[in-house]
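# Tertiary structure, described
Here's the letter readout for the chains.
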Amino acid sequence: MKGKDTSYAARILREGGLVAIPTETVYGLAANALDSQAVLNIFKAKNRPSFDPLIVHCRNAAQAESYAAVFPEPMKKLAEKFWPGPLTLILPKTSAIPDVVSSGLPSAGFRVPNHPLTLALLQELEFPLAAPSANPFGYVSPTSAEHVEDQLKDKIDYILDGGSSPVGLESTIVGQLEDGQICILRYGGIPVEQIEEVVGPVVLRVASSASPLSPGQLDQHYAPHSTFIVCQTLQQALDMAESYQRCGLITPSPLPADKVLPASVQSHKVLSPSGHLDEAAQHLFAAIRSLDKGDFEAILAVKVADEGLGRAINDRLRRASHL
Ligand code: TXA
Ligand code: MG
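Quick caveat, the model's predicted, so the values are computed rather than measured. (Residues numbered from 1 in each chain as written. Chains lettered and ligands numbered in written order. Predicted model: local features only at pLDDT ≥ 70, side-chain atom pairs only at ≥ 80, totals over all residues. Heavy atoms only, no water.)

## Let's talk about the sheet that holds strand 14 (residues 265-270)
Pairing is parallel across the open sheet formed by four strands, whose spatial order is 12-15-13-14. Looking at which strands have only one partner, the edges of the open sheet turn out to be strand 12 (228-231) and strand 14. The mean inter-strand angle of the sheet, taken between neighbouring strand axes irrespective of direction, is 20°. As paired elements, strand 13 (residues 247-251) and strand 14 share five bridges and run parallel to each other. Looking at strand 14, one finds that T251 is bridged to V270. This element, helix 9 (residues 277-292), spans strand 12, strand 13, strand 14 and strand 15 (298-302) of the sheet and lies at about 175° to strand 13. Where helix 10 (residues 310-320) meets the sheet, its contacts fall on strand 12 and strand 15, and the angle it forms with strand 12 comes to roughly 140°. (Pairing = 2+ DSSP bridges. Helix = DSSP H or I, 4+ residues; strand = E, 2+ residues; numbered from the N terminus. Axes fitted to C-alpha atoms, helices over the stretch in contact; angles between N-to-C directions. Contact = heavy atoms within 4.5 Å.)

Here you go:
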(Lines give C-alpha, C1' and ligand atoms only; values in the text may rest on other atoms or scores of the structure.)
(Ligands and ions follow the chains in the order given, each with its own letter.)
Protein backbone atom coordinates (compact mmCIF):
# COMPACT_ATOMS: atom_id res chain seq x y z
CA MET A 1 0.00 0.00 0.00
CA LYS A 2 1.22 3.53 -0.69
CA GLY A 3 0.09 6.96 0.49
CA LYS A 4 1.14 10.17 2.20
CA ASP A 5 0.14 9.33 5.78
CA THR A 6 3.17 10.01 7.99
CA SER A 7 1.28 9.09 11.20
CA TYR A 8 0.42 5.69 9.76
CA ALA A 9 4.06 5.26 8.68
CA ALA A 10 5.20 6.23 12.19
CA ARG A 11 2.89 3.65 13.78
CA ILE A 12 4.29 0.86 11.56
CA LEU A 13 7.86 1.88 12.33
CA ARG A 14 7.21 1.94 16.10
CA GLU A 15 5.90 -1.62 15.82
CA GLY A 16 9.12 -2.74 14.12
CA GLY A 17 7.78 -2.73 10.53
CA LEU A 18 9.33 -1.59 7.24
CA VAL A 19 8.34 1.60 5.40
CA ALA A 20 9.75 2.89 2.10
CA ILE A 21 10.51 6.61 2.49
CA PRO A 22 10.99 9.30 -0.14
CA THR A 23 14.20 11.31 -0.01
CA GLU A 24 15.65 13.92 -2.33
CA THR A 25 18.21 11.37 -3.59
CA VAL A 26 16.40 8.02 -3.95
CA TYR A 27 13.76 6.12 -1.95
CA GLY A 28 14.97 4.36 1.19
CA LEU A 29 13.73 1.20 2.89
CA ALA A 30 13.42 2.27 6.52
CA ALA A 31 13.18 0.68 9.95
CA ASN A 32 13.78 1.86 13.52
CA ALA A 33 17.60 2.19 13.60
CA LEU A 34 17.65 1.26 17.30
CA ASP A 35 15.73 -2.01 16.82
CA SER A 36 18.07 -4.83 15.67
CA GLN A 37 15.25 -7.16 14.68
CA ALA A 38 13.54 -4.52 12.53
CA VAL A 39 16.89 -3.69 10.89
CA LEU A 40 17.54 -7.37 10.16
CA ASN A 41 14.24 -7.43 8.27
CA ILE A 42 15.57 -4.72 5.92
CA PHE A 43 18.44 -7.02 4.93
CA LYS A 44 15.96 -9.87 4.34
CA ALA A 45 13.54 -7.79 2.27
CA LYS A 46 16.36 -6.54 0.00
CA ASN A 47 18.27 -9.80 -0.05
CA ARG A 48 21.20 -7.65 1.02
CA PRO A 49 24.36 -9.27 2.41
CA SER A 50 24.96 -8.47 6.08
CA PHE A 51 28.40 -6.97 5.33
CA ASP A 52 26.85 -3.97 3.56
CA PRO A 53 26.18 -1.29 6.24
CA LEU A 54 23.13 1.00 6.30
CA ILE A 55 22.80 4.77 6.58
CA VAL A 56 21.17 6.25 9.70
CA HIS A 57 18.68 8.98 8.73
CA CYS A 58 18.22 11.69 11.35
CA ARG A 59 15.78 14.60 11.72
CA ASN A 60 18.59 17.13 12.20
CA ALA A 61 22.30 17.46 12.97
CA ALA A 62 21.64 17.48 16.73
CA GLN A 63 20.03 14.06 16.55
CA ALA A 64 22.94 12.72 14.46
CA GLU A 65 25.36 14.17 16.98
CA SER A 66 23.62 12.33 19.82
CA TYR A 67 24.37 8.97 18.14
CA ALA A 68 27.91 9.85 16.98
CA ALA A 69 30.69 9.12 19.48
CA VAL A 70 32.85 11.81 17.86
CA PHE A 71 31.87 14.59 15.44
CA PRO A 72 35.14 16.14 14.19
CA GLU A 73 35.18 19.82 13.24
CA PRO A 74 35.51 19.43 9.43
CA MET A 75 32.61 16.96 9.43
CA LYS A 76 30.54 19.44 11.46
CA LYS A 77 31.23 22.13 8.90
CA LEU A 78 30.02 19.83 6.13
CA ALA A 79 26.87 19.01 8.10
CA GLU A 80 26.16 22.69 8.66
CA LYS A 81 26.59 23.47 5.00
CA PHE A 82 24.80 20.53 3.37
CA TRP A 83 22.22 19.10 5.83
CA PRO A 84 19.44 18.52 5.17
CA GLY A 85 20.79 17.28 1.85
CA PRO A 86 22.47 14.53 -0.19
CA LEU A 87 25.52 14.04 2.04
CA THR A 88 26.32 11.03 4.27
CA LEU A 89 29.00 11.40 6.93
CA ILE A 90 30.79 8.33 8.29
CA LEU A 91 31.29 8.90 12.03
CA PRO A 92 32.22 6.69 15.01
CA LYS A 93 28.90 5.50 16.47
CA THR A 94 27.69 5.15 20.05
CA SER A 95 26.53 1.75 21.29
CA ALA A 96 22.89 2.92 20.96
CA ILE A 97 23.21 2.15 17.22
CA PRO A 98 23.16 -1.67 17.01
CA ASP A 99 26.06 -3.42 15.26
CA VAL A 100 23.73 -4.88 12.64
CA VAL A 101 23.21 -1.34 11.24
CA SER A 102 26.94 -0.80 10.64
CA SER A 103 27.74 -4.42 9.71
CA GLY A 104 29.92 -4.64 12.79
CA LEU A 105 31.99 -1.53 11.99
CA PRO A 106 32.69 0.93 14.81
CA SER A 107 31.42 3.76 12.57
CA ALA A 108 28.06 4.41 10.91
CA GLY A 109 26.82 6.55 8.03
CA PHE A 110 24.65 9.51 9.12
CA ARG A 111 22.51 11.74 6.97
CA VAL A 112 19.68 14.28 7.30
CA PRO A 113 17.56 13.81 4.18
CA ASN A 114 15.92 16.79 2.52
CA HIS A 115 12.37 15.75 1.79
CA PRO A 116 9.34 17.37 3.47
CA LEU A 117 7.39 14.12 4.06
CA THR A 118 10.35 12.23 5.46
CA LEU A 119 11.45 15.17 7.62
CA ALA A 120 7.88 15.33 9.00
CA LEU A 121 8.03 11.59 9.71
CA LEU A 122 11.41 11.91 11.46
CA GLN A 123 10.01 14.76 13.59
CA GLU A 124 7.16 12.51 14.69
CA LEU A 125 9.45 9.63 15.65
CA GLU A 126 11.47 9.18 18.83
CA PHE A 127 14.24 7.31 16.94
CA PRO A 128 16.32 7.69 13.73
CA LEU A 129 15.70 5.47 10.69
CA ALA A 130 18.17 2.99 9.23
CA ALA A 131 17.61 2.87 5.48
CA PRO A 132 19.44 1.60 2.43
CA SER A 133 18.06 2.36 -1.02
CA ALA A 134 14.70 0.60 -1.51
CA ASN A 135 15.69 -1.78 -4.31
CA PRO A 136 16.54 -5.49 -4.34
CA PHE A 137 20.28 -5.79 -3.66
CA GLY A 138 22.40 -4.96 -6.70
CA TYR A 139 19.65 -3.34 -8.80
CA VAL A 140 19.22 0.32 -9.76
CA SER A 141 17.93 2.56 -6.92
CA PRO A 142 14.27 3.70 -7.02
CA THR A 143 13.43 7.36 -7.63
CA SER A 144 9.63 7.03 -7.34
CA ALA A 145 7.06 5.18 -5.22
CA GLU A 146 6.13 3.17 -8.34
CA HIS A 147 9.71 1.92 -8.70
CA VAL A 148 9.57 0.65 -5.11
CA GLU A 149 6.16 -0.93 -5.70
CA ASP A 150 7.41 -2.72 -8.83
CA GLN A 151 10.01 -4.71 -6.93
CA LEU A 152 9.34 -4.75 -3.19
CA LYS A 153 5.57 -4.34 -2.76
CA ASP A 154 5.04 -7.70 -1.05
CA LYS A 155 7.97 -7.33 1.32
CA ILE A 156 7.21 -4.01 2.99
CA ASP A 157 4.35 -2.63 5.08
CA TYR A 158 3.87 0.81 3.54
CA ILE A 159 5.31 3.14 0.90
CA LEU A 160 5.29 6.81 1.83
CA ASP A 161 4.70 8.41 -1.55
CA GLY A 162 6.61 11.68 -1.94
CA GLY A 163 6.67 11.84 -5.75
CA SER A 164 9.84 11.72 -7.84
CA SER A 165 13.18 12.20 -6.10
CA PRO A 166 14.55 15.56 -7.31
CA VAL A 167 18.28 14.76 -7.07
CA GLY A 168 17.99 11.26 -8.51
CA LEU A 169 21.40 9.93 -7.39
CA GLU A 170 22.37 8.61 -3.95
CA SER A 171 24.13 10.82 -1.41
CA THR A 172 27.83 11.61 -1.54
CA ILE A 173 29.57 9.61 1.21
CA VAL A 174 32.37 11.35 3.11
CA GLY A 175 34.68 9.78 5.68
CA GLN A 176 37.83 10.70 7.54
CA LEU A 177 41.11 8.80 7.31
CA GLU A 178 43.18 7.96 10.40
CA ASP A 179 45.47 10.92 9.70
CA GLY A 180 42.47 13.25 9.70
CA GLN A 181 42.21 13.76 5.93
CA ILE A 182 38.68 13.98 4.57
CA CYS A 183 37.92 11.38 1.92
CA ILE A 184 35.14 10.77 -0.60
CA LEU A 185 33.86 7.18 -0.42
CA ARG A 186 31.06 7.47 -2.97
CA TYR A 187 30.30 10.11 -5.59
CA GLY A 188 26.75 11.40 -5.23
CA GLY A 189 24.38 14.34 -5.09
CA ILE A 190 26.92 16.85 -3.73
CA PRO A 191 29.82 17.36 -6.17
CA VAL A 192 33.36 16.89 -4.81
CA GLU A 193 34.17 20.48 -5.80
CA GLN A 194 31.51 21.77 -3.36
CA ILE A 195 32.88 19.62 -0.52
CA GLU A 196 36.37 21.01 -1.19
CA GLU A 197 35.05 24.56 -0.95
CA VAL A 198 34.18 23.82 2.69
CA VAL A 199 37.06 21.61 3.91
CA GLY A 200 39.83 22.11 1.35
CA PRO A 201 41.39 19.33 -0.77
CA VAL A 202 40.00 15.83 -0.18
CA VAL A 203 41.29 12.34 -0.94
CA LEU A 204 39.31 10.21 -3.39
CA ARG A 205 38.68 6.71 -2.05
CA VAL A 206 35.74 5.86 -4.21
CA ALA A 207 35.30 2.20 -3.69
CA SER A 208 35.28 -0.77 -5.92
CA SER A 209 34.91 -4.30 -4.59
CA ALA A 210 38.61 -4.30 -3.80
CA SER A 211 38.43 -1.45 -1.31
CA PRO A 212 38.07 -2.32 2.35
CA LEU A 213 37.10 1.28 3.21
CA SER A 214 33.54 1.21 2.04
CA PRO A 215 32.00 -2.21 2.27
CA GLY A 216 29.04 -2.86 0.06
CA GLN A 217 30.21 -0.75 -2.87
CA LEU A 218 30.45 -3.74 -5.14
CA ASP A 219 31.11 -3.12 -8.81
CA GLN A 220 27.87 -4.68 -9.95
CA HIS A 221 25.79 -2.28 -7.87
CA TYR A 222 23.11 -0.44 -9.83
CA ALA A 223 23.08 -3.06 -12.59
CA PRO A 224 20.02 -3.54 -14.80
CA HIS A 225 19.25 -7.01 -16.19
CA SER A 226 19.92 -5.99 -19.82
CA THR A 227 23.39 -5.74 -21.33
CA PHE A 228 24.44 -2.16 -20.60
CA ILE A 229 27.24 -0.46 -22.54
CA VAL A 230 28.78 2.91 -21.72
CA CYS A 231 30.03 4.87 -24.74
CA GLN A 232 32.63 7.65 -24.56
CA THR A 233 30.95 9.74 -27.26
CA LEU A 234 27.59 10.04 -29.00
CA GLN A 235 29.17 9.02 -32.32
CA GLN A 236 30.55 5.85 -30.76
CA ALA A 237 27.05 5.00 -29.46
CA LEU A 238 25.45 5.62 -32.87
CA ASP A 239 28.07 3.45 -34.60
CA MET A 240 27.61 0.68 -32.08
CA ALA A 241 23.81 0.83 -32.39
CA GLU A 242 24.22 -0.21 -36.06
CA SER A 243 25.41 -3.63 -34.93
CA TYR A 244 22.14 -4.43 -33.12
CA GLN A 245 18.62 -5.21 -34.33
CA ARG A 246 16.92 -3.69 -31.29
CA CYS A 247 18.58 -1.47 -28.73
CA GLY A 248 17.86 1.37 -26.34
CA LEU A 249 19.88 4.59 -26.15
CA ILE A 250 20.44 7.03 -23.27
CA THR A 251 21.99 10.42 -24.04
CA PRO A 252 22.53 13.28 -21.60
CA SER A 253 21.16 15.87 -24.04
CA PRO A 254 19.08 15.93 -27.26
CA LEU A 255 20.59 14.70 -30.53
CA PRO A 256 22.29 17.52 -32.50
CA ALA A 257 20.57 18.37 -35.79
CA ASP A 258 23.34 16.78 -37.90
CA LYS A 259 23.04 13.32 -36.28
CA VAL A 260 20.61 10.59 -37.30
CA LEU A 261 19.38 7.77 -35.09
CA PRO A 262 19.92 4.30 -36.59
CA ALA A 263 16.66 2.35 -37.08
CA SER A 264 17.82 -0.20 -34.50
CA VAL A 265 17.40 2.39 -31.73
CA GLN A 266 13.84 1.63 -30.72
CA SER A 267 13.79 3.82 -27.65
CA HIS A 268 15.86 6.94 -27.03
CA LYS A 269 15.88 8.55 -23.58
CA VAL A 270 17.14 12.14 -23.41
CA LEU A 271 18.11 12.75 -19.78
CA SER A 272 18.04 16.53 -20.02
CA PRO A 273 16.31 18.43 -22.83
CA SER A 274 18.25 21.53 -21.76
CA GLY A 275 21.56 19.64 -21.41
CA HIS A 276 22.00 20.29 -17.66
CA LEU A 277 23.74 17.77 -15.41
CA ASP A 278 21.34 18.11 -12.47
CA GLU A 279 18.40 17.31 -14.73
CA ALA A 280 20.32 14.42 -16.30
CA ALA A 281 21.04 13.01 -12.83
CA GLN A 282 17.38 13.35 -11.84
CA HIS A 283 16.19 11.23 -14.77
CA LEU A 284 19.01 8.67 -15.06
CA PHE A 285 17.66 5.79 -12.94
CA ALA A 286 14.10 6.08 -14.31
CA ALA A 287 15.54 5.92 -17.85
CA ILE A 288 17.60 2.80 -17.06
CA ARG A 289 14.60 1.09 -15.41
CA SER A 290 12.30 1.94 -18.28
CA LEU A 291 14.69 0.64 -20.97
CA ASP A 292 15.43 -2.45 -18.88
CA LYS A 293 11.77 -3.42 -19.35
CA GLY A 294 12.11 -3.13 -23.12
CA ASP A 295 13.74 -6.49 -23.84
CA PHE A 296 16.51 -4.92 -25.91
CA GLU A 297 19.69 -6.70 -27.03
CA ALA A 298 21.58 -3.87 -25.37
CA ILE A 299 21.18 -0.49 -23.74
CA LEU A 300 23.78 2.05 -24.89
CA ALA A 301 24.51 5.09 -22.73
CA VAL A 302 26.68 8.12 -23.50
CA LYS A 303 28.97 9.46 -20.77
CA VAL A 304 28.98 13.05 -19.56
CA ALA A 305 31.95 15.30 -18.73
CA ASP A 306 33.78 14.07 -15.62
CA GLU A 307 33.17 17.14 -13.47
CA GLY A 308 30.61 18.29 -10.91
CA LEU A 309 27.63 15.92 -10.79
CA GLY A 310 29.03 14.31 -13.94
CA ARG A 311 31.38 12.21 -11.83
CA ALA A 312 28.47 10.62 -9.98
CA ILE A 313 26.53 10.08 -13.21
CA ASN A 314 29.52 8.39 -14.87
CA ASP A 315 30.14 6.29 -11.75
CA ARG A 316 26.57 4.93 -11.88
CA LEU A 317 26.84 4.29 -15.63
CA ARG A 318 30.06 2.35 -15.09
CA ARG A 319 28.49 0.24 -12.36
CA ALA A 320 25.37 -0.36 -14.44
CA SER A 321 27.61 -1.72 -17.19
CA HIS A 322 29.43 -4.21 -15.00
CA LEU A 323 28.64 -7.74 -16.12
O1 TXA B 1 21.11 8.78 -0.85
C2 TXA B 1 21.35 7.80 -0.14
O3 TXA B 1 22.41 7.68 0.50
C4 TXA B 1 20.28 6.72 -0.05
C5 TXA B 1 19.05 7.31 0.63
C6 TXA B 1 17.97 6.29 0.88
O7 TXA B 1 19.44 7.95 1.82
N8 TXA B 1 20.77 5.58 0.63
C9 TXA B 1 21.68 4.72 0.09
O10 TXA B 1 21.94 3.62 0.90
O11 TXA B 1 22.19 4.88 -0.98
P12 TXA B 1 22.70 2.31 0.41
O13 TXA B 1 22.47 1.33 1.48
O14 TXA B 1 22.25 1.92 -0.92
O15 TXA B 1 24.19 2.68 0.48
C16 TXA B 1 24.82 2.82 1.73
C17 TXA B 1 26.30 2.70 1.58
C18 TXA B 1 26.84 1.31 1.83
O19 TXA B 1 26.78 0.49 0.70
C20 TXA B 1 28.28 1.61 2.24
O21 TXA B 1 29.07 1.68 1.10
C22 TXA B 1 28.18 3.00 2.87
O23 TXA B 1 26.89 3.49 2.61
N24 TXA B 1 28.34 2.95 4.33
C25 TXA B 1 27.39 2.87 5.28
N26 TXA B 1 27.94 2.81 6.50
C27 TXA B 1 29.27 2.84 6.33
C28 TXA B 1 30.40 2.79 7.22
N29 TXA B 1 30.26 2.68 8.51
N30 TXA B 1 31.64 2.85 6.66
C31 TXA B 1 31.79 2.97 5.32
N32 TXA B 1 30.77 3.00 4.44
C33 TXA B 1 29.53 2.94 4.93
MG1 MG C 1 21.85 1.03 -2.62
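So much for the structure itself; the text now carries on.
## Quick notes on the pairing of strand 13
Summarising burial for strand 13: five of the five residues are buried, a large majority. Residues C247, L249 and T251 point to one face of strand 13 and G248 and I250 to the other, with burial holding for every one of them. Two elements, strand 13 and strand 15, share four bridges in a ladder whose sense is parallel. From the neighbouring strand, I250 faces strand 15, where its bridge partner is A301. (Buried < 20%, exposed > 50% of the residue type's maximum accessible area, 1.4 Å probe, protein only.)

## Some details on the site of ligand 1
Ligand 1 sits among 26 residues. The nearest are T25, R48, D52, H57 and S171. Between ligand 1 and the protein, one listed contact pairs a nitrogen atom with a backbone N or O atom of S107 at 3.0 Å. The separation between an oxygen atom of ligand 1 and a polar side-chain atom of S171 is 2.5 Å. Coverage of ligand 1 by the protein chains reaches 98% of its 680 Å² of free accessible surface. Contributions of two or more residues to the shell around ligand 1 are made by strand 4 (55-57) and strand 6 (107-111). Top contributing element to the shell around ligand 1 by residue count: strand 6, with four residues. Here the shell around ligand 1 is composed, by residue class, of twelve nonpolar, nine polar and five charged. (Near = heavy atom within 4 Å. Polar contact = N/O pair within 3.5 Å; in protein donor to acceptor, adjacent residues only side chain to side chain. Areas by Shrake-Rupley, 256 points an atom, 1.4 Å probe, with all protein chains shown as cover. Nonpolar A, V, L, I, M, F, W, Y, C, P; charged D, E, K, R; others polar.)

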